[in-house]
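Residue-level listing of the chains:
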Amino acid sequence: MIMSTKRFIRFMSVVFSCSFLFSNCSDDEITATLDEFESYEEQTDMDTTTTYVVERPKMVSVVGATITSEDTIGAFIKGRIVTLSDYEISAYLVTKDLYFKTMYDDKFANANPSSCEFNNDYQGIIAEGEIDSLRPVETVSWFDAVYFCNRLSLIHGYEPVYTITNITRDKAKSIISANVSQNLNKNGYRLPTECEWEFAARGGDTNKEDWNYYYAGAPGNNPNAAMDDAMDAIGWYNCNAETGVTIGRNPSTMHGTHQVGLKNPNRLGLYDMSGNLFEWCYDWDSTLSTETIVNPEGPSSGEKKILRGGSWLHGWAIYCGVRQRLSSAPENGKDYYGFRLARIIR
């Protein structure tokens, strides 16, 4: 097969070296006017032809539980009783490699959206010695993330979780609006719910010491502050993005995202849940109430989607805390937004 010049350039922009990540079994936002964008509405019409072998991401099993807590912030506030079923969550953020290989043959999508190295205000280039294809994918909207989940599910023979219709894309082929619903009875890949994300980030056991850690896998030395060297062992944020050691933020020398899995994981074996990129969750943002609820998915509508975890940019240490709730409009695809995967366990 002779590869077109355009695809050759896209191919050469990504280095494919990713064996340690996978289990082997596995703004200028405008409405697109191209007819092909406007007509491609039904997710079930997706062509899952793939040029590349798409590995199965490494997933970690999380045993469900009924969670009660005395927290005043986060998903498990005092008086809220949450029951979660068993589920899986990916050990790593979705990488540029996985995203590229999954989306490459989808003519409607941008398979290589990441842009942190082109940030005009900060030096977002890759750190020396790291592998670019193993950096987490960013500059993806929430809509892009759920679209990716469905495509990856179909490629691996799973049932798509999302029904996605009325898709509108911008000139960079990022989805900026769509109608999305989810069916958690389907076994495909999806975004974690906010409760699933926080439960996993905190170690998945309310009886363990790390449940009360400030970060995913580490207690805070200076929590609720801009700088905290406790982050150095487990994550990348504003003030250690240059060398991995907390020295303060220097926009002219700091790096952007870092290769996934270079810092220590939490007790479940999950990497980068504090720092590197803010992570999209499924839920619409809302004020949480005291209630008893099973597998909460959040409200049925809203203006912003939940983000968790902190990032290399706009990511003071305080924002990397596992109970910190942030949110953004689902059409926003920033160079400090990424995502990881979840699946139901049957």
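Since the model is a prediction, treat every value here as computed from it, not as a measurement.

S.K.: I keep staring at helix 5 (residues 194-201) and nothing clicks. Help me out?
M.R.: In an α-helix, one turn spans 3.6 residues, which is why side chains three or four residues apart end up on the same side. In terms of burial, helix 5 is a largely internal element, eight of the eight residues being buried. When we look at burial in helix 5, the residues that qualify are E194, C195, E196, W197, E198, F199, A200 and A201. Residue G203 follows helix 5 closely and has a positive phi angle near 100°.

S.K.: Is there a simple way to think about the pairing of strand 8 (residues 175-182) in this case?
M.R.: Walk down a regular strand and you will see the side chains alternate between the two sheet faces. Relative to strand 8, strand 7 (residues 162-169) is paired through six bridges, and the arrangement is antiparallel. By the bridge assignment for strand 8, T168 is matched with S177. Between strand 7 and the antiparallel strand that follows it, strand 8, lie five residues; K173 among them carries a positive phi value of about 70°.

S.K.: Sorry if this is basic, but what is going on with the sheet that holds strand 12 (residues 326-328) here?
M.R.: Whenever strands of a sheet pair, they do so through backbone hydrogen bonds, lying parallel or antiparallel. Pairing is mixed in the open sheet, where four strands are placed in the order 12-11-9-13. Of all strands in the sheet, those bounded by a partner on one side alone are strand 12 and strand 13 (337-338). Strand direction decides the pairing type here: strand 9 (residues 278-284) and strand 11 (residues 305-308), joined by three bridges, are antiparallel. Within strand 11, the residue paired with W280 across the bridge is L307.

S.K.: Even after reading the chapter, I still don't get the nonpolar core, so can you show me in this structure?
M.R.: Taken as a class, soluble globular proteins show a tendency for nonpolar side chains to be buried jointly. Of all hydrophobic cores here, the largest spans 72 residues; its most connected members are F148, L191, F339 and L341. For this core, the leading source of residues is helix 4 (residues 142-155), giving eight residues. Setting aside residues up to four positions removed in sequence, L341 forms contacts with P57, M59, E88, I89, S90, V94, F148, C149, L152, Y189, R190 and P192. Counting residues in hydrophobic clusters, the runner-up holds ten residues, among them Y214, A230, C239 and A317.

S.K.: Explanation requested: the sheet that holds strand 4 (residues 65-67) in the structure shown.
M.R.: Ordered by their spatial adjacency, three strands build an open sheet running 4-5-10, and the pairing between neighbours is mixed. Each edge of the open sheet is held by one strand with a lone partner, namely strand 4 and strand 10 (292-294). Adjacent strand axes in the sheet meet at a mean angle of 15° when their direction is disregarded. Pairing of strand 4 with strand 5 (residues 81-84), which is carried by three bridges, proceeds in the antiparallel orientation. The partner of A65 across the bridge, within strand 5, is L84. Helix-sheet contacts for helix 5 involve strand 4 and strand 5, and the interaxial angle to strand 5 is about 85°.

S.K.: Which parts of the structure should I look at to understand the packing of aromatic side chains?
M.R.: Each aromatic ring pair is summarised here by two numbers: the centre-to-centre distance and the angle between the ring planes. All told, the structure shown has 18 aromatic pairs when counted by the stated rule. Summarising the aromatic geometry, the rings of W142 and Y282 are spaced 5.8 Å apart at their centres and angled 50° between planes, so their arrangement reads as tilted. Highlighted residues: W142 in helix 4 and Y282 in strand 9, separated in sequence by 140 residues. One exposure class covers both W142 and Y282, and it is buried. An angle of 65° between the planes, with centres 5.8 Å apart, marks the rings of F199 and W211 as edge-to-face. Residue F199 is located in helix 5, and its partner W211 is located in the loop between helix 5 and strand 9; the two are separated by twelve residues in the primary sequence. Of the two residues, F199 and W211, neither departs from the other in class, the shared state being buried. Through a chain of ring-to-ring contacts, the aromatic side chains of W142, F143, Y162 and Y282 assemble into a single cluster. Taking NZ or CZ as reference, R202 lies 3.9 Å from the ring centre of W211, over its face. Positioned above the aromatic ring of W236 is the side chain of K263, whose terminal nitrogen or guanidinium carbon lies 4.4 Å from the ring centre.

S.K.: Before we go on, may I ask you to explain the pairing of strand 6 (residues 87-90) in this structure?
M.R.: Here strand 6 shows two buried faces, one formed by Y87 and I89 and the other by E88 and S90. Note: strand 3 (residues 59-62) against strand 6, four bridges, orientation antiparallel. Considered in strand 6, the bridge of V62 is made with Y87. Where strand 6 and strand 14 (residues 342-344) come together, three bridges link them in antiparallel fashion. Following the sheet pairing, Y87 is matched in strand 14 by I344.

Rules used in this analysis
- Residues numbered from 1 in each chain as written.
- Predicted model: local features only at pLDDT ≥ 70, side-chain atom pairs only at ≥ 80, totals over all residues.
- Heavy atoms only, no water.
- Buried < 20%, exposed > 50% of the residue type's maximum accessible area, 1.4 Å probe, protein only.
- Helix = DSSP H or I, 4+ residues; strand = E, 2+ residues; numbered from the N terminus.
- Pairing = 2+ DSSP bridges.
- Core = buried A, V, L, I, M, F, W, Y, C linked by side-chain atoms within 4.5 Å.
- Contact = heavy atoms within 4.5 Å.
- Axes fitted to C-alpha atoms, helices over the stretch in contact; angles between N-to-C directions.
- Phe/Tyr/Trp six-rings, centres within 6.5 Å; stacked < 30°, edge-to-face > 60°.
- Lys NZ or Arg CZ within 6 Å of the ring centre and 35° of its normal.

Keep in mind these values describe shape, not function.
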